[in-house]
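In case you want the letters, here they are:
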Amino acid sequence: MTTEPAPAAMPEFVPPQTFADRLNLLFAASAPESPPGSGTYVEYTNPQVAAEINRVFGEGTITGEYIRRLRRGESKSPSFSYVEYIAAAFERFFGFPVDLGLFKANLSDAATRTLAQAQKVAAAKKGQGVGFEQALAAMQRSAAPARHTVDESQEPPVARVLARSTRRLNPANVQRLAEMAERLQAVQDQLDVVQDLENDALSQATEPGN
């Protein structure tokens with residue numbers, strides 16, 4: 001009696017470490033079918049991405065040449081504004097939000113999962129994996145905000161007070177409070193990205209030879 005060999009274990013995903021590598025992964029994952037129905041996927045060009053950004057944020061916001069330098073790692077520390085512009089462009093290409101956390105030095109579990117799915121999408125479009133529709137759907141699910149139940153007893157006292165106070169508000173004020181919290185979270189995420197970019201620039205400046 002012969003036994004079937006066990007399937008080879010999938011290698012553990014190692015997320016791209018540099019801004020350039022993560023940006024290039026988004027280019028590969030968002031490649032549209034060209035021409036439609038051909039089964040061939042061609043990445044957007046740097047000028048095409050620049051044109052989308054300029055269309056949304058105003059002419060002259062960014063150039064294809066600057067995007068090229070970012071992709072080659074020649075401009076290693078883009079400002080937060082440019083990170084935001086690029087994320088907005090790929091949101092348009094993918095059709096769902098692109099978390100700015102994908103570009104942070106310390107990736108969250110959710111951002112790591114999204115990058116892993118993006119890699120599967122890119123591989124599928126090159127004929128190296130499962131159908132890209134399934135991989136893209138998984139990427140979209142991983143990009144969605146995680147929902148979980150919090151044990152209130154484990155929360156800081158201030159958070160518990162805030163939760164109890166919120167339950168006494170009318171629906172309209174609960175909605176206002178939720179919107180304010182989302183704006184504060186967005187500001188915090190932006191500051192985290194800026195800090196990571198500044199730390200990256202500092203580390204590059206202190207490297208031997210710089």
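Just so it is clear, the structure is predicted and the values come from calculations on it, not from any experiment.

Draft legend 1. Molecular detail of the pattern of salt bridges. In total, this model carries seven salt bridges according to the counting rule given. Residue Glu 43 is joined to Arg 71 by a salt bridge in which the shortest nitrogen-to-oxygen separation is 3.1 Å. Highlighted residues: Glu 43 in the loop between α1 (19-29) and α2 (46-57) and Arg 71 in helix α3 (residues 64-72), separated in sequence by 28 residues. The partner of Arg 68 in a salt bridge is Glu 74, and the shortest N-O contact between them spans 3.5 Å. By relative accessible area, Glu 74 is classed as partly exposed at 43%. Through salt bridges with shared partners, a single ionic network connects Glu 65, Arg 68, Arg 69, Arg 72 and Glu 74.

Draft legend 2. Quick look at the packing of α1 against α3. Interhelical geometry of α1 versus α3 gives an angle of 115° and a closest axis separation of 7 Å. Classified by the interaxial angle, the pair formed by α1 and α3 is roughly perpendicular. Of α3, the residues touching α1 (which contributes Phe 19, Ala 20, Leu 23, Asn 24 and Phe 27) are Ile 67, Leu 70 and Arg 71. Of the residues contributing to the contact of α1 with α3, the split by class is six nonpolar, one polar and one charged.

The rules behind these values
- Residues numbered from 1 in each chain as written.
- Predicted model: local features only at pLDDT ≥ 70, side-chain atom pairs only at ≥ 80, totals over all residues.
- Heavy atoms only, no water.
- Salt bridge = Lys/Arg side-chain N within 4 Å of Asp/Glu carboxyl O.
- Helix = DSSP H or I, 4+ residues; strand = E, 2+ residues; numbered from the N terminus.
- Buried < 20%, exposed > 50% of the residue type's maximum accessible area, 1.4 Å probe, protein only.
- Axes fitted to C-alpha atoms, helices over the stretch in contact; angles between N-to-C directions.
- Parallel < 35°, antiparallel > 145°, perpendicular 65-115°, else oblique.
- Contact = heavy atoms within 4.5 Å.
- Nonpolar A, V, L, I, M, F, W, Y, C, P; charged D, E, K, R; others polar.

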